[in-house]
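So you can see what is in the structure, the chains are spelled out below.
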Amino acid sequence: MERRHRIRRIANFVNLSTPLGLLISVAGGARRTDGPNGLILAYGYRFAFPVAGAFTVGNVVLTKHPDGYLTDRLLEHEGRHATQWAWCAGLPMLPLYLLSLAVSMLICGDQAAYNPFERLAGLEDGGYPRKSPWWRRNRTLPEGIIKGE
């Protein structure tokens with residue numbers, strides 16, 4: 001394991017985000033296994049919230065899907081979230097992420113497209129589409145009006 005991943009693993013344990021992720025995985029009935037780069041993979045999470053193919057709390061990547069769902073690109077995306085947990089000093093990431101999610105919903109109607117946490121983690125790697133802000137989308141104009149006049 002690279003030094004930066006060891007530091008991230010220690011930081012997320014000390015800031016209590018990884019213990020929280022482990023607690024969530026136990027409560028959600030997930031089976032845990034060691035993953036790459038110091039991540040802990042938790043398969044079979046049984047709760048419907050949050051609505052995502054996978055989500056990360058500290059160094060714990062949780063998914064409702066079985067083994068094999070977490071591809072290399074998705075693990076890179078979730079690993080970036082683990083780093084974000086470390087940079088946010090752990091638990092402050094929760095309200096910051098929720099605020100970012102709400103702002104993204106207001107801007108474009110999507111929870112990820114304008115969420116800086118998701119954008120910095122790589123939208124495409126996480127399986128999220130890029131969307132335009134609502135004010136830049138093509139709107140249907142009344143008949144007879146030419147756009148740009």
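Now for a description of the structure that goes with this document. Keep in mind it's a predicted model, so treat the numbers as computed, not measured.

Here the focus is the packing of aromatic side chains. The geometry of an aromatic ring pair is captured by two quantities: the separation of the ring centres and the angle between the planes. Per the counting criterion, the structure on display carries four aromatic pairs. Note on Y45 and F55: the rings are 5.2 Å apart at their centroids and 75 degrees apart in plane angle, and the pair reads as edge-to-face. Of the two residues, Y45 sits in the loop between strand 2 (40-43) and strand 3 (55-57) while F55 sits in strand 3, which places them ten residues apart along the sequence. Both rings, one in Y97 and one in F117, keep their centres 5.8 Å apart while their planes meet at 40 degrees; by these two values the pair is tilted. In this pair, Y97 sits in helix 4 (residues 93-108) while F117 sits in helix 5 (residues 116-121), placing the two residues 20 residues apart along the sequence. When sorted by exposure, Y97 lands in the same class as F117, which is buried. These aromatic residues form a ring-pair network of at least three members: Y45, F47 and F55.

The next thing to look at is the pairing of strand 4 (residues 60-63). Side chains V60 and L62 of strand 4 all project onto a buried face; the interleaved residues V61 and T63 project onto the opposite face, where all are buried too. Summarising the sheet, strand 3 and strand 4 pair through three bridges and their orientation is antiparallel. Bridge pairing in strand 4 links F55 to L62. Where strand 3 folds back onto strand 4 in an antiparallel hairpin, the turn is made up of two residues, including G58, whose phi is positive at roughly 65 degrees.

What follows concerns the pattern of salt bridges. All chains considered together, the criterion is met by six salt bridges. In this structure, R4 engages E2 in a salt bridge whose closest nitrogen and oxygen atoms are separated by 2.9 Å. We classify R4 as exposed; its relative accessible area is 54%. Salt bridges sharing partners connect three or more residues here, namely R73, R80 and D125.

Moving on, we come to the sheet that holds strand 2. Pairing between sheet strands relies on hydrogen bonds along the backbone, with the strands arranged either parallel or antiparallel. One open sheet accounts for four strands, arranged 1-2-4-3; its pairing is mixed. In the strand order of this sheet, the two ends are held by strand 1 (31-34) and strand 3, each with one partner. Sheet twist, expressed as the average angle between the axes of neighbouring strands with direction ignored, equals 25 degrees. Across the face of the sheet, helix 3 (residues 72-87) comes into contact with strand 2, strand 3 and strand 4 while running at roughly 30 degrees to strand 3.

What counts, and where the lines are drawn
Residues numbered from 1 in each chain as written. Predicted model: local features only at pLDDT ≥ 70, side-chain atom pairs only at ≥ 80, totals over all residues. Heavy atoms only, no water. Phe/Tyr/Trp six-rings, centres within 6.5 Å; stacked < 30°, edge-to-face > 60°. Helix = DSSP H or I, 4+ residues; strand = E, 2+ residues; numbered from the N terminus. Buried < 20%, exposed > 50% of the residue type's maximum accessible area, 1.4 Å probe, protein only. Pairing = 2+ DSSP bridges. Salt bridge = Lys/Arg side-chain N within 4 Å of Asp/Glu carboxyl O. Axes fitted to C-alpha atoms, helices over the stretch in contact; angles between N-to-C directions. Contact = heavy atoms within 4.5 Å.

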